[in-house]
Amino acid sequence: MRHTLILTLAQALTGWFIAGHVHALTVQEARAMAVGESDTRIEALNKAIASADEKTVAFLQALSDDAVKVSDGKVLIVRDGKAIDPVSGADAALSDSAEDVISNNRMRGEIDAALASLKLFSPDIKVRREAVKALQGDADAGKLPLLDKALQAEVDPTLKEQIALLRAGIVLGSDDRAKRLEAAKQLSSSRNPATKTLLLERIKIEEDGQVKAALRSALSAVDSSLRLGERLAVVFTGISLGSILLLVALGLAITYGL
């Protein structure tokens, strides 16, 4: 399963690499993602996935699997007792003093979110949909460069809209007032109940009067869309039940002449 995931992501990223959007994983990047304080590692992680290649994917998966060790100052991927260099892919010597790379819950969450982000470039639309769904609760400002690339690359209109709304939700936390206003405008077209929750939370902490007004306007538009959806659902249910009763009545009429 894990090898299939890595292969799928690698295939997607290979096409991305050809287009000139990625660079190869470096020793410094691998070490920065594996060693140090969580904040520093997360910062390095976000930088790496913005221009990830297939080796970056494999290294992130190894971090997620607790298959990374530090041996004589070198960061290595270790599986089944065999060590390889994550940058060159060559076999490497593993010293007896090798130490496991430990990731706390916060770091694990960031790694999982990074892997989900990279699925946005999968050739399989189902995988991309799952990636968007997974990111709806975990995406942060560090994922914006990747979301921008995914937005440009996405060809499915529905999924493109979902990515745009996901991006807008992140931008609501920007320090740039103009960006927050634009994000509020974008979110007004959402029909996702989660968007309503996001807007309500943002209204509570927004200090700029104009932005707060835009958020309230967006919330009103989302509310209207959700209510319309509920009404349509009720109408559809009524028509469905009515058609069943009509079939029963026709059956009685034909059978018993009623």
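Residues numbered from 1 in each chain as written. Predicted model: local features only at pLDDT ≥ 70, side-chain atom pairs only at ≥ 80, totals over all residues. Heavy atoms only, no water.

Caption draft 1: Structural detail: the overall build of the protein chain. Looking only at helices and strands, the protein chain has 11 helices and 5 strands in total. Sorting the 258 residues of the protein chain into buried and exposed places 38% on the buried side. With the model as given, the accessible surface of the protein chain reaches about 14,800 Å², and the carbon-plus-sulfur share is 57%. (Helix = DSSP H or I, 4+ residues; strand = E, 2+ residues; numbered from the N terminus. Buried < 20%, exposed > 50% of the residue type's maximum accessible area, 1.4 Å probe, protein only. Areas by Shrake-Rupley, 256 points an atom, 1.4 Å probe, with all protein chains shown as cover.)

Caption draft 2: Fine view of the pattern of salt bridges. Scanning the model with the defined rule gives 11 salt bridges in all. Note that Arg 108 is salt-bridged to Asp 66, the shortest N-O span being 2.7 Å. Note that Arg 108 is positioned in helix H5 (residues 105–118) and Asp 66 in the loop between helix H4 (54–64) and strand S1 (68–71), a separation of 42 residues in sequence. In this structure, Arg 180 engages Glu 206 in a salt bridge whose closest nitrogen and oxygen atoms are separated by 3.1 Å. Placement of the pair is Arg 180 in helix H9 (residues 177–187) and Glu 206 in the loop between helix H10 (193–205) and helix H11 (209–256), with a sequence separation of 26 residues. Both residues of the pair, Arg 180 and Glu 206, belong to the buried class. Where salt bridges share partners, they join Arg 180, Arg 202 and Glu 206 into one cluster. (Salt bridge = Lys/Arg side-chain N within 4 Å of Asp/Glu carboxyl O.)

Caption draft 3: The packing of H5 against helix H6 (residues 125–135), seen in detail. Remark: H5 packs on H6, axes separated minimally by 8 Å, with the N-to-C direction vectors making an angle of 145°. Judged by the twist between their axes, the crossing of H5 over H6 is left-handed. Mapping the contact onto sequence places Ala 113, Ala 116 and Ser 117 in H5 and Ala 131, Ala 134 and Leu 135 in H6. (Axes fitted to C-alpha atoms, helices over the stretch in contact; angles between N-to-C directions. Left-handed = near helix turned anticlockwise from the far one by under 90°. Contact = heavy atoms within 4.5 Å.)

Caption draft 4: Structural detail: the sheet that holds strand S3 (residues 82–84). Spatially, S4-S3-S2-S1-S5 is the arrangement adopted by the 5 strands of the open sheet, whose pairing is antiparallel. The open sheet has two edge strands, strand S4 (91–92) and strand S5 (99–100), and neither has a second partner. Docked against the sheet, H4 engages S1 and strand S2 (74–79), running at close to 70° with respect to S2. (Pairing = 2+ DSSP bridges.)

Caption draft 5: Structural context of the side chain of Asp 223. Looking at the secondary structure, you find Asp 223 in helix H11. Under the relative-accessibility criterion, Asp 223 is labelled buried at 19%. Side-chain polar atoms of Asp 223 contact the side chain of Lys 196, separated by 3.0 Å. (Polar contact = N/O pair within 3.5 Å; in protein donor to acceptor, adjacent residues only side chain to side chain.)

Caption draft 6: Molecular detail of the pairing of S1. When S1 meets S2, the two strands line up antiparallel, connected through 4 bridges. Bridging across to S2, Val 70 finds its partner in Val 75. Where S1 folds back on S2, the antiparallel hairpin that results is connected by 2 residues, among which Asp 72 adopts a positive phi of roughly 50°. Of the strand pairs in this sheet, S1 and S5 are connected by 2 bridges, and their pairing is antiparallel. By the bridge assignment for S5, Val 70 is matched with Glu 99.

Caption draft 7: Up close: unusual backbone geometry. Phi at Asp 72 is positive, roughly 50°, even though this residue is not glycine. Structurally, Asp 72 can be placed in the loop between S1 and S2. We classify Asp 72 as exposed; its relative accessible area is 63%. Of note, the phi angle at Asp 80 is positive, near 55°, even though the residue is not glycine. Considering the arrangement of structural elements, one finds Asp 80 in the loop between S2 and S3.

Caption draft 8: Up close: the packing of helix H2 (residues 27–34) against helix H3 (residues 38–49). Closest axis-to-axis distance for the H2/H3 pair is 7 Å, and the angle between their directions is 140°. In terms of orientation, H2 lies oblique with respect to H3. H2 and H3 meet at a crossing whose hand is left-handed. Between H2 and H3, the contacting residues are Ala 32, Met 33 and Ala 34 on the first element and Thr 40, Arg 41, Ala 44, Leu 45 and Ala 48 on the second. (Parallel < 35°, antiparallel > 145°, perpendicular 65-115°, else oblique.)

Caption draft 9: The side chain of Arg 128, seen in detail. Tracing the chain through its elements places Arg 128 in helix H6. Classification of Arg 128 as buried rests on a relative accessible area of 10%.

Caption draft 10: Seen up close, the nonpolar core. Counting 55 residues, the largest nonpolar core has Met 33, Phe 59, Leu 60, Leu 63 and Leu 120 as its most contacted members. The dominant element in this core, judged by the number of residues it contributes, is helix H8 (residues 157–171), at 7 residues. Setting aside anything within four residues of it in sequence, one finds Leu 120 in contact with Arg 128, Ala 131, Val 132, Leu 135, Leu 147, Ala 150 and Ile 163. (Core = buried A, V, L, I, M, F, W, Y, C linked by side-chain atoms within 4.5 Å.)

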